[in-house]
Structure formats: structure tokens, C-alpha cells
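The chain contents come next:
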Amino acid sequence: QVQLVESGGGLVQAGGSLRLSCVASGSIFSINAMGWYRQAPGKQRELVAIISVSGGLKRYVDSVKGRFTISRDNAKNTVYLQMNSLKPEDTAVYYCNAANYLSARPLNNYWGQGTQVTVSS
């Protein structure tokens, strides 16, 4: 069974910071790029950030560049998303998944519960 467990979300004022964590099954984590996705109310799920297997390559959606940083600790099977200068438009449920680095598409049809991020103005 593939397991993806997100945590670290919460309610924060605009301009604040949060760090999200995702613990994944070792069998999928160690051999795949990992991505963070988010889904806001009434909107499609979108890729926020993606990191290569080794952590040497990273890409972000334009709206978060300069504010968010993705990283991974392969020894802990964990991927992180440091979010600074948060804006109300960042409000969404955030999910992680293994991903194809080139296409940015998720590889697993299983999604975890996600973690809610709410940014107030």
C-alpha cells in the first residue's frame, strides 16, 4: 500500500510562513521525483513545486517563485515545502505525490488526506 501523509498546514495571516511535510513510503520515495500539488475551492488541482530524485533540480509554478522552497530528505522519506510571504491566494488543500519530473504529472492514483492551508488577509 502506498502511503502519503501530509502535515504542517494551518491558519496564518498574510505575510506569515508555514512549513509543510510529507512522509512517503520508501519504495516510491527513493526512486522518484516528488511534487507538491494544491487544490483551492472551485478550482482544478495544480502543481506547486517539484523536486528531482537527488534534490538537485527544482521547479515552481510562477505564482510562488521566490516565496516557496521545496526540499527533500531521502534518509527520512520526507519532502518539505517552506512557504514564506503567504498570500490569501495560497489558500488550498496541499497534497504530495511521486511525480515525473519532466511532465510534472503525478505517478500514483492514491492521494493522501492533504493538509489545509488557510491564509487570512
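Numbers given for residues are sequential positions, taken from 1 along each chain in its written order. Whole-chain, interface and lining totals are the exception, using all residues; otherwise, since this is a predicted model, local features are given only for residues with pLDDT of at least 70 and side-chain atom pairs are given and counted only at 80 or more. Working from all heavy atoms in the structure, the side-chain values ignore hydrogens and water.

1. Remarks on the sheet that holds strand 9 (residues 92-99)
Each strand in a sheet pairs with another by means of backbone hydrogen bonds, the pair being arranged parallel or else antiparallel.
Piece 1. Strands are labelled as partners when DSSP assigns at least two bridges between them. Numbering of helices and strands runs from the N terminus, with a helix taken as a DSSP run of H or I at least four residues long and a strand as a DSSP run of E at least two residues long. Overall, mixed pairing links the six strands, which are arranged 2-10-9-4-5-6 in an open sheet. This sheet does not close on itself; its edge strands, each paired only once, are strand 2 (10-13) and strand 6 (58-60). Strand after strand, the sheet turns through a mean of 25° between neighbouring axes, direction not considered.
Piece 2. Bridge analysis of strand 9 against strand 10 (residues 115-120) gives three bridges, and the strand direction is antiparallel. Along strand 10, the bridge assignment pairs alanine 92 with valine 117. In this analysis, axes come from line fits to C-alpha atoms, helices being fitted only over the stretch in contact, and the angle between any two N-to-C directions falls in the range 0 to 180 degrees.

2. Here's the deal with unusual backbone geometry
Piece 1. Although it is not a glycine, serine 85 sits at a positive phi angle of roughly 50°.
Piece 2. A positive phi angle, near 70°, is found at alanine 104, a position not held by glycine.
Piece 3. By secondary structure assignment, the location of alanine 104 is in the loop between strand 9 and strand 10.
Piece 4. Classification of residues uses two cut-offs on accessible area relative to the type maximum, computed with a 1.4 Å probe and protein chains only: under 20% is buried, over 50% is exposed, and between them is partly exposed. Overall, the relative accessible area of 14% leaves alanine 104 in the buried class.

3. Points about the state of the cysteines
Piece 1. Pairs of cysteine sulfur atoms within 2.5 Å are identified as disulfides in what follows. Scanning all chains against the criterion turns up one disulfide.
Piece 2. The partner cysteine of cysteine 22 in its disulfide is cysteine 96, sulfur to sulfur 1.7 Å. Residues cysteine 22 and cysteine 96 are joined through a disulfide that is right-handed, its torsion about the S-S bond being 50°. Here cysteine 22 is found in strand 3 (residues 18-24), whereas its partner cysteine 96 is found in strand 9, with 74 residues between them in sequence. As far as the burial class goes, cysteine 22 and cysteine 96 line up, both buried.

4. Notes on the pairing of strand 9
Two faces make up the sheet, and in a regular strand the side chains alternate between them.
Piece 1. When you tally the buried positions in strand 9, you get eight out of eight residues, the bulk of the element.
Piece 2. Summarising the sheet, strand 4 (residues 33-39) and strand 9 pair through seven bridges and their orientation is antiparallel. From the neighbouring strand, glutamine 39 faces strand 9, where its bridge partner is valine 93.

None of this, on its own, says anything about what the molecule does.
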